[in-house]
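Residue strings, one per chain:
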Amino acid sequence: MNQPSIIDEATRLRGQLPDGFRDGIVESLHNDAARIAETSVTEHGEGGRPTLDRLLDGALTHRVWGFAVMGLLFFAVFWFTISGAAGPSGLLSRLLVDYGHGQLHALVAPLHAPQWVTGLLLDGVYLSTAWVVAVMLPPMAIFFPLFTLLEDFGYLPRVAFNLDRLFAKAGAHGKQSLSMMMGYGCNAAGVTATRIIDSRRERLIAIVTNNFSICNGRWPTLILMGTIFIGALAPPALAGVVAAASVVTVAFLGVLVTLLVSWGLSRTVLRGHSSTYSLELPPYRPPKVWRTLYTSLIDRTLKVLRRAVVMAAPAGALVWTISNVTVADASIAAHLVNALDPLGWLLGLNGVILLAYLVAIPANEIIIPTILMLTLTLGPNLFGAQQGVMLELGTAQTHTVLVQAGGWTLLTAVNLMLFSLLHNPCSTTILTIWSETRSLKWTAVATLLPIALGFLVTGTTATVARLAGWA
Amino acid sequence: MPHTELPTPSVNPAPPTDPVCGTCALNHASQLLSLGVDVSGHDHVVALAGNPNTGKSTVFNALTGLRQHVGNWPGKTVIGAEGGFGYRDRRYKLVDLPGTYSLLSTSEDEDVARDFLVFGRPDVTVVVVDATRLQRNLNLVLQILQITDRVVLALNLVDEARRHGLSVDERHLARELGVPVVPMAARSRQGVPDLLETVERVALGTIATRARPVHHGDVRTERAVSELAHRIQREYPELTNTRWIALRLLEGDPGIERAVTDGTLGRLAAPAASTESFTDRSGKTHS
Amino acid sequence: MTTTLDRLRNGQTATVTALDVDGAERRRLMDLGVLPGTPIRVDRVSPLGDPTAYLVRGSVIALRRHQARGIHITVGQG
């Protein structure tokens with residue numbers, strides 16, 4: 001029996017159907033669903049939303065209070081993170097860096113291993129890993145659970161609701177504000193969080209701009225510069241506030257750059273319609289505190305930390321190697337710093353900073369120790385530093401080292417803060433961008449665009465400052 | 001929907017098939033494998049579907065003991081997680097599908113979820129629905145029921161519904177849908193034992209599920225669907241979801257058209273008994 | 001009174017009469033439960049003026065103004 005194929009039959013039947021039959025199919029499903037739901041659900045009382053939810057929304061999306069609470073909550077999260085992490089970080093640093101490093105040296109001394117082996121493994125790999133753990137673990141162990149609690153409570157969609165108009169004007173998706181905030185903890189996590197955005201175009205915008213959220217690894221640089229260079233300009237009573245304000249200014253600048261770059265991308269290479277937007281404001285749910293602490297510790301903190309450690313170990317080995325391998329009367333590091341110095345000068349930075357950013361691509365956390373170490377070993381040795389060994393100094397000593405041995409000025413500090421905001425993402429983030437986009441082109445854009453902006457901005461500041469005679 | 005027999009329970013007394021049957025066209029394990037699911041060591045495959053933000057991941061965690069982070073914003077699970085759990089000597093593979101509002105193929109997520117249900121043919125599909133948003137959730141349930149009727153409805157967030165002054169008549173709902181309904185509050189682990197029990201009974205076929213067909217208001221559409229479904233039924237008498245396939249073909253769904261022309265549909269229509277189980281009674285794997 | 005959803009004022013309740021959008025946008029709206037016959041109410045307006053959150057079948061859904069413009073409603077029922 002020779003009958004038409006099923007496909008042909010379908011095509012024939014389709015031809016007989018009215019134009020809007022697809023919508024009709026969807027609608028009959030929805031109508032069925034509505035009918036079943038109506039007969040299955042009984043509403044007691046007045047219905048609608050619980051009073052508590054309405055009251056909370058009234059405050060959290062209020063024209064004045066909404067923004068005030070938003071600012072306050074995020075300030076509180078960062079404040080808890082920064083101040084709460086200081087103690088444990090110091091403790092870990094004493095344990096792992098001061099004590100652990102010395103003990104390890106004492107332990108392997110009887111083995112009489114060649115000096116380059118102990119140097120590479122203990123002074124390079126171990127020390128930088130210990131540094132990253134000490135600097136990163138406490139803030140992340142505080143930041144992620146706090147952020148997760150806000151998320152579980154249902155607050156984040158309200159933030160997206162409050163800020164949507166700004167992102168809409170920038171041609172981006174309203175949910176970009178959520179991945180942006182996630183980026184303040186870790187850019188790699190922020191890039192992954194862009195999955196909540198449906199359209200590829202808007203998701204790419206969110207991915208490319210996520211790096212303008214200052215991640216945990218960069219806060220220490222900003223706080224240190226703010227404290228020893230900018231806070232120091234103010235009378236002692238105000239020093240703390242001025243330092244904090246300078247850090248907040250840079251963070252705010254990051255939001256501005258995010259919106260500007262989103263706007264630029266959505267009007268040029270990523271032009272297109274804004275996708276179907278729908279944001280649900282879910283009911284508030286009391287967070288399960290203990291479970292949240294546990295899951296966010298396991299799921300986010302340790303995962304991010306593991307990646308950072310995996311990245312920091314080779315970086316430490318590299319720093320040690322370039323500081324200790326001598327070629328033509330100087331270490332490789334010295335040659336590199338000399339080569340980078342002219343560009344550094346142009347950007348109001350110096351060769352040491354640029355080299356530090358090169359070796360610290362794996363983990364931004366080691367920027368400051370690397371800068372200190374390179375400055376000390378290449379310049380006059382003030383605190384008895386060994387070649388290629390990272391060390392921790394107090395803020396006063398750090399100031400002395402940078403100004404006396406490194407020749408730093410206020411311009412260097414300001415530009416380092418700007419460069420800390422505007423430079424390539426760390427390698428973990430770059431890998432995450434690649435695995436999320438599977439596009440070499442967009443990974444390259446996300447990597448190179450921030451650094452181009454960084455060169456532009458720091459170069460401009462340096463030129464203006466020099467022309468005006470400030471530096 | 002013209003119903004054939006309910007699929008044979010998967011306690012399969014037949015001797016184990018060839019271990020290299022991953023390439024054999026009749027084995028639905030190979031279909032699962034091609035969708036990226038390793039089924040070795042499991043007696044049944046359970047799919048977990050549902051709208052975004054219904055507590056699907058919480059149910060997943062409650063069943064598997066995994067601690068996948070669950071956020072309170074819609075659309076967290078994009079790439080489905082997999083996990084396993086055991087219940088009364090049987091091992092289950094749980095596949096978390098992306099949270100979607102619908103399966104009408106308007107996004108990549110919807111395609112992933114739909115392909116898994118159609119071509120992966122899970123033994124049981126648990127659809128997690130939010131009791132406080134039943135209407136919107138039922139839309140997805142009705143679509144899933146057109147594909148498979150081996151469904152358990154996990155009516156989640158009943159505690160929250162109570163807080164909103166809503167109560168759901170789950171017996172009426174079960175009657176309307178033709179599948180068992182388990183009320184749950186997964187965040188506080190309420191209803192998990194009931195869900196496990198019901199999943200087992202649907203997997204073993206001791207609960208007969210019988211999904212009700214969706215009729216289309218428009219007479220012409222209804223006639224076309226029936227006619228095409230009839231035609232498909234003649235060609236593949238073992239297929240249980242002919243009306244749904246007819247509907248997709250009428251809409252010109254490229255994925256389903258491909259499945260018809262390249263023979264995938266024919267393989268799905270192979271007798272159910274030989275495809276339902278990929279482990280023998282002792283639970284030894286031979287995939 | 002027949003109008004579009006973007007004209008609905010805070011606290012007013014209306015009934016959806018038609019969806020003047022098509023494609024993915026239309027389906028997404030229906031997925032969210034916005035169908036002809038559905039009662040809809042303004043729950044709150046974003047502090048920056050857009051989007052607006054609507055109460056639809058017990059869920060709160062934020063829609064941007066241009067989307068609301070495509071949803072036809074009659075005011076004063078439901």
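Residues numbered from 1 in each chain as written. Chains lettered and ligands numbered in written order. Predicted model: local features only at pLDDT ≥ 70, side-chain atom pairs only at ≥ 80, totals over all residues. Heavy atoms only, no water.

Participant: Kindly report on the sheet that holds strand β4 (residues 52–56) of chain C, identifying the contributing residues and their values.
Facilitator: Overall, antiparallel pairing links the seven strands, which are arranged β2(A)-β5(C)-β4(C)-β3(C)-β2(C)-β6(C)-β1(C) in an open sheet. In the strand order of this sheet, the two ends are held by β2 (279–281) of chain A together with β1 (2–4) of chain C, each with one partner. Direction aside, the axes of adjacent strands within the sheet are offset by 40 degrees on average. Summarising the sheet, strand β3 (residues 39–45) of chain C and β4 of chain C pair through five bridges and their orientation is antiparallel. Looking across to β4 of chain C, one finds that Val42 of chain C is bridged to Tyr54 of chain C. (Pairing = 2+ DSSP bridges. Helix = DSSP H or I, 4+ residues; strand = E, 2+ residues; numbered from the N terminus. Axes fitted to C-alpha atoms, helices over the stretch in contact; angles between N-to-C directions.)

Participant: Can you break down the interface of chain A and chain B residue by residue, with the values?
Facilitator: At the interface, 58 residues of chain A touch 62 residues of chain B. Around 5,600 Å² of area is buried between chain A and chain B when both sides are counted, 58% of it from carbon and sulfur atoms. Summed over the three residues of chain A that lose the most area to chain B, namely Ile6, Leu29 and Arg285 of chain A, the buried surface amounts to 14% of that side. The interface formed by chain A and chain B includes seven salt bridges. (Contact = heavy atoms within 4.5 Å. Buried area = accessible area lost by both parts, 1.4 Å probe. Salt bridge = Lys/Arg side-chain N within 4 Å of Asp/Glu carboxyl O.)

Participant: So, the packing of aromatic side chains: which residues are in play, and what are the values?
Facilitator: Residue and element names in this part refer to chain A. Scanning the model with the defined rule gives six aromatic pairs over all chains in all. When the centroid spacing of 6.1 Å and the interplanar angle of 25 degrees are considered together, the rings of Phe229 and Trp408 count as stacked. Separated by 179 residues along the polypeptide, Phe229 in helix α10 (residues 219–230) and Trp408 in the loop between α16 (395–405) and α17 (410–421) bring together distant segments of the chain. The exposure classification of Phe229 matches that of Trp408, with both residues buried. (Phe/Tyr/Trp six-rings, centres within 6.5 Å; stacked < 30°, edge-to-face > 60°. Buried < 20%, exposed > 50% of the residue type's maximum accessible area, 1.4 Å probe, protein only.)

Participant: Quick one: what's the story with the interface of chain C and chain A, residue by residue and with numbers?
Facilitator: Contacts between the two partners involve 32 residues from chain C, matched on the other side by 34 residues from chain A. Taking both sides of the interface into account, the surface hidden between chain C and chain A amounts to around 2,700 Å²; carbon and sulfur atoms contribute 56%. Where chain C packs against chain A, one counts three salt bridges. Residue Arg64 of chain C pairs with Asp164 of chain A through a salt bridge whose shortest N-O separation is 2.8 Å. One can count nine residue pairs in polar contact (both at pLDDT 80 or more) joining chain C with chain A. Contributing elements (two or more residues each) for the side of chain C that touches chain A: α1 (24–31), β3, β4, β5 (59–63) and α2 (65–68) of chain C. Ranked by residue count, the leading element in the side of chain C that touches chain A is α1 of chain C, at seven residues. Grouping the constituent residues of the side of chain C that touches chain A by class yields 15 nonpolar, six polar and eleven charged. Relative to β5 of chain C, β2 of chain A is paired through three bridges, and the arrangement is antiparallel. (Polar contact = N/O pair within 3.5 Å; in protein donor to acceptor, adjacent residues only side chain to side chain. Nonpolar A, V, L, I, M, F, W, Y, C, P; charged D, E, K, R; others polar.)

Participant: Report on unusual backbone geometry, specifying residues and quantitative values.
Facilitator: Look at the link from Asp50 of chain C to Pro51 of chain C: it is a cis peptide, with omega at 0 degrees. Of note, Pro51 of chain C is situated in the loop between β3 and β4. We note that Arg438 of chain A has phi near 55 degrees; this positive angle belongs to a residue other than glycine. With respect to the secondary-structure elements, Arg438 of chain A resides in the loop between α18 (427–437) and α19 (440–467). On the accessibility criterion, Arg438 of chain A (56% relative accessible area) is exposed.

Participant: How would you sum up the side chain of His42 of chain B? Please name residues and give values.
Facilitator: Inspection of the secondary structure puts His42 of chain B in the loop between α1 (28–34) and β1 (44–50). Looking at His42 of chain B, its side chain comes within polar contact range of the main-chain oxygen of Tyr92 of chain B, at 3.2 Å.

Participant: I'd like a rundown of the sheet that holds strand β4 (residues 124–130) of chain B, residues and numbers included.
Facilitator: All names here are of chain B. Taken together, six strands build an open sheet; the order of strands is β2-β3-β1-β4-β5-β7 and the sheet is mixed. The open sheet has two edge strands with one neighbour each: β2 (82–87) and β7 (181–183). Strand-to-strand twist across the sheet, computed as the mean angle between neighbouring axes with direction ignored, equals 25 degrees. In this structure, β1 lies alongside strand β3 (residues 90–96), joined through five bridges in parallel fashion. Each bridged residue has a counterpart across the sheet, and for Ala47 the counterpart in β3 is Val95.

Participant: Help me get a handle on the pattern of salt bridges, residues and values and all.
Facilitator: Side chains that differ in sign of charge can pair as their charged atoms come close. Residue and element names in this part refer to chain B. Counting across every chain of the model gives 26 salt bridges over all chains. Between Glu222 and Arg243 there is a salt bridge, and its shortest N-O distance comes to 3.0 Å. Here Arg243 lies in helix α9 (residues 242–251) and Glu222 lies in helix α8 (residues 219–235), a separation of 21 residues in the sequence. Assessed through its relative accessible area of 15%, Glu222 is described here as buried.

Participant: Go over the pairing of strand β5 (residues 151–156) of chain B with me, naming the residues and quoting the values.
Facilitator: Residue and element names in this part refer to chain B. Here β5 lies mainly inside the structure; six of its six residues are buried. Along β5, one buried face is formed by Val151, Leu153 and Leu155 and the opposite face, lined by Val152, Ala154 and Asn156, is buried too. Taken together, the six bridges between β4 and β5 define a ladder with parallel strand orientation. Residue Val127 lies in a different strand from β5, and its bridge partner there is Leu153.

Participant: Which residues make up the environment of Leu142 of chain B, and what are the values?
Facilitator: Take Leu142 of chain B: it is sitting in helix α4 (residues 134–147). Separated by 40 residues in the primary sequence, Leu142 of chain B and Ser102 of chain B place their C-alpha atoms 9.5 Å from one another. If near-sequence neighbours (up to four positions away) are discounted, Leu142 of chain B is found in contact with Leu29, Asp32, Ala33 and Ile36 of chain A together with Leu177, Arg212 and Val214 of chain B.

Participant: Give me the lowdown on the nonpolar core, citing residues and values where you can.
Facilitator: In terms of nonpolar packing, the biggest core is built from 100 residues, with Phe74, Met225 and Ile371 of chain A touching the most fellow members. Ignoring any residue separated from it by four or fewer positions in sequence, one finds Ile371 of chain A in contact with Val352, Ile353, Ala356, Leu402, Trp408 and Leu416 of chain A. One finds Ile144, Leu173, Trp244 and Leu249 of chain B within the second-largest nonpolar core, a separate group that totals 64 residues. (Core = buried A, V, L, I, M, F, W, Y, C linked by side-chain atoms within 4.5 Å.)

Participant: So, helix α15 (residues 367–378) of chain A: which residues are in play, and what are the values?
Facilitator: Residue and element names in this part refer to chain A. Taking 1.5 Å of rise per residue, twelve residues should cover 16 Å, and α15 covers 16 Å from first to last C-alpha, within 8% of that figure. Most of α15 is tucked away, with eleven of its twelve residues classed as buried. Buried residues of α15: Ile367, Ile368, Pro369, Thr370, Ile371, Leu372, Met373, Leu374, Thr375, Leu376 and Thr377, and no others. (Expected span 1.5 Å × (residues − 1).)

Participant: Just give me the short version of the packing of helix α4 (residues 65–108) of chain A against helix α5 (residues 115–153) of chain A, but keep the residues and values in it.
Facilitator: All names here are of chain A. Here α4 crosses α5 at 155 degrees, and the two axes come no closer than 8 Å. Classed by the angle they form, the pair α4 and α5 counts as roughly antiparallel. Note on packing geometry: the crossing formed by α4 with α5 is right-handed. Classifying every residue of the contact of α4 with α5 by side-chain character gives 28 nonpolar, eight polar and one charged. (Parallel < 35°, antiparallel > 145°, perpendicular 65-115°, else oblique. Left-handed = near helix turned anticlockwise from the far one by under 90°.)

Participant: Break down the packing of helix α1 (residues 6–15) of chain A against α8 of chain B for me, with residues and values.
Facilitator: Relative to each other, α1 of chain A and α8 of chain B sit at 175 degrees, their axes nearing to 10 Å. In this view, α1 of chain A runs roughly antiparallel relative to α8 of chain B, as classed from their interaxial angle. Seen from α1 of chain A, the contacting residues are Ile6, Glu9, Ala10, Arg12 and Leu13 of chain A; seen from α8 of chain B, they are Ala224, Glu227, Leu228, Arg231, Ile232 and Glu235 of chain B. Residue composition of the contact of α1 of chain A with α8 of chain B, grouped by class: six nonpolar, no polar and five charged.

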